[in-house]
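# Structural overview
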Amino acid sequence: METQRLVVDNNVESEKSYTQAVNLLAEGEIVALPTETVYGLGAVATNEAAVKKIYSAKGRPSDNPLIVHIGTKEELSKYVDTISEKAVKCMDAFWPGPLTMIFKAKPNVFAKSVTAGLDTVGIRMPSHPVALKLLQALGMPVAAPSANRSGKPSPTEAIHVEQDLAGKIPLILDGGATGVGVESTVLDLTKEIPVILRPGAITKEMLEEVIGPVDQPTHIEQEQGAPKAPGMKYTHYAPNAPVYLIERNKQIVQEAIQYLQAKDYKVALIAPPSFKELSPDWFFSIGNTQDEMASHLFHALRACDSTDAQIVLATATSTEGVGAAIMNRLEKSAGGKWYSDFSNALKD
Ligand code: TXA
Ligand code: MG
């Protein structure tokens, strides 16, 4: 299959681009589209055969449910029976935007593969103008996971989608770089105290201002309990070379680079711009502020695959605010490994 890339950036009014995407989706095809978080790979959420194509193009395990995207708030009541007061407050405050809410699904509305056998469903209304316009023109709910091969960092540019899925999907709508850069916050509202299953740009602090107490289990707590967001148990966001977390401290990073290079390791460093002077073999900036880090992180992780690095060092950040989302993705990408443990093992 040939994959067409259609540029819609700055071209939001272009009817033709949308008509093609709308027609493909309505016919049961899958289409990659930009959202404000990452690119998604969409299919009509009520069409089982179409949704199955998403799993096979991504190589995604079938027990990992998909997020359903909607173009208006009003249609939510078609898909879920109960919309709690807290859910209404969150919709008013954060939709359209990067917040996915988990609801009890009405039975037999979505294709079976969307919910992967659960009786709940994750739904969000994205704010990206291309995604919104497409959803509104289509008038149907769209199931869309991130448009990467399973296990790879989520795509924040159309070229990332092309790298992973060329030949496997008919169309990529190219709306430029996505902006937020990490996937939506997933909030489980079926619990008395809502639980953040995946941290994102809508932070615990922002949610608590609107709906009161919210639980955000740490990575460790999540691993000990049964995985609540099934997708969180798989290896994720991993470049080819192993990633190690390291303290954001120039002296510590410099010593690490010198030590590794002396042992003939080629080192890629993902860190704020001023760390470039430490002379790693490859350097990928993630910016200084947490918003910059979120938006550059996946690009930087992907860029490591175009190098011969044997090890990737990535500087950690605080878990305040969006930092929780950044550290969540970095920890997954590193498989929880810290450089300090690695270097101690080398010295033993
Ligand atoms: O920002 C985003 O959310 C992007 C864009 C494309 O919208 N989508 C995305 O989808 O990240 P995906 O499939 O890569 O991640 C969905 C996450 C997974 O961790 C999945 O396990 C969880 O949401 N999830 C989906 N439905 C769920 C449910 N019913 N209960 C618990 N977790 C659910
Ligand atoms: Mg994903």
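Residues numbered from 1 in each chain as written. Chains lettered and ligands numbered in written order. Predicted model: local features only at pLDDT ≥ 70, side-chain atom pairs only at ≥ 80, totals over all residues. Heavy atoms only, no water.

### Digging into the packing of aromatic side chains
- In total, this model carries 2 aromatic pairs according to the counting rule given.
- Both rings, one in Tyr79 and one in Phe110, keep their centres 5.1 Å apart while their planes meet at 40°; by these two values the pair is tilted. Separated by 31 residues along the polypeptide, Tyr79 in helix H3 (residues 76-79) and Phe110 in the loop between strand S5 (99-104) and helix H5 (112-115) bring together distant segments of the chain. For the pair Tyr79 and Phe110, a shared accessibility class is recorded, and that class is buried.
- With 5.0 Å between their ring centres and 15° between their planes, Tyr237 and Phe298 make a pair best called stacked. Here Tyr237, found in the loop between helix H9 (219-224) and strand S11 (243-246), pairs with Phe298, found in helix H11 (residues 290-303); they are 61 residues apart in sequence, far enough to count as distant.
- Accessibility expressed as a relative area gives 1% for Tyr237, which makes it buried.
- Directly above the ring of Phe275 sits Lys250, whose terminal nitrogen or CZ lies 5.7 Å from the centroid.
- A cation sits over an aromatic face here: Lys337 above Tyr244, 5.0 Å from the ring centre. (Phe/Tyr/Trp six-rings, centres within 6.5 Å; stacked < 30°, edge-to-face > 60°. Helix = DSSP H or I, 4+ residues; strand = E, 2+ residues; numbered from the N terminus. Buried < 20%, exposed > 50% of the residue type's maximum accessible area, 1.4 Å probe, protein only. Lys NZ or Arg CZ within 6 Å of the ring centre and 35° of its normal.)

### Quick word on the pattern of salt bridges
- Enumeration according to the criterion identifies 11 salt bridges in this entry.
- Note that Glu277 and Lys250 form a salt bridge whose closest N and O atoms lie 3.2 Å from each other. Residue Glu277 is found in the loop between strand S12 (267-271) and strand S13 (282-285), and its partner Lys250 is found in helix H10 (residues 250-262); the two are separated by 27 residues along the sequence.
- You can call Glu277 exposed: its relative accessible area is 58%. (Salt bridge = Lys/Arg side-chain N within 4 Å of Asp/Glu carboxyl O.)

### A closer look at the packing of H11 against helix H12 (residues 323-333)
- Between H11 and H12, the shortest axis-to-axis distance is 9 Å and the interhelical angle comes to 20°. Taken together, H11 and H12 sit at an angle that is classed as roughly parallel. Relative to H12, H11 is oriented so that their crossing is left-handed. Of the residues in H12, those touching H11 at Gln290, Met293, Ala294, Leu297, Phe298 and Leu301 are Gly323, Ile326, Arg329, Leu330 and Ser333. (Axes fitted to C-alpha atoms, helices over the stretch in contact; angles between N-to-C directions. Parallel < 35°, antiparallel > 145°, perpendicular 65-115°, else oblique. Left-handed = near helix turned anticlockwise from the far one by under 90°. Contact = heavy atoms within 4.5 Å.)

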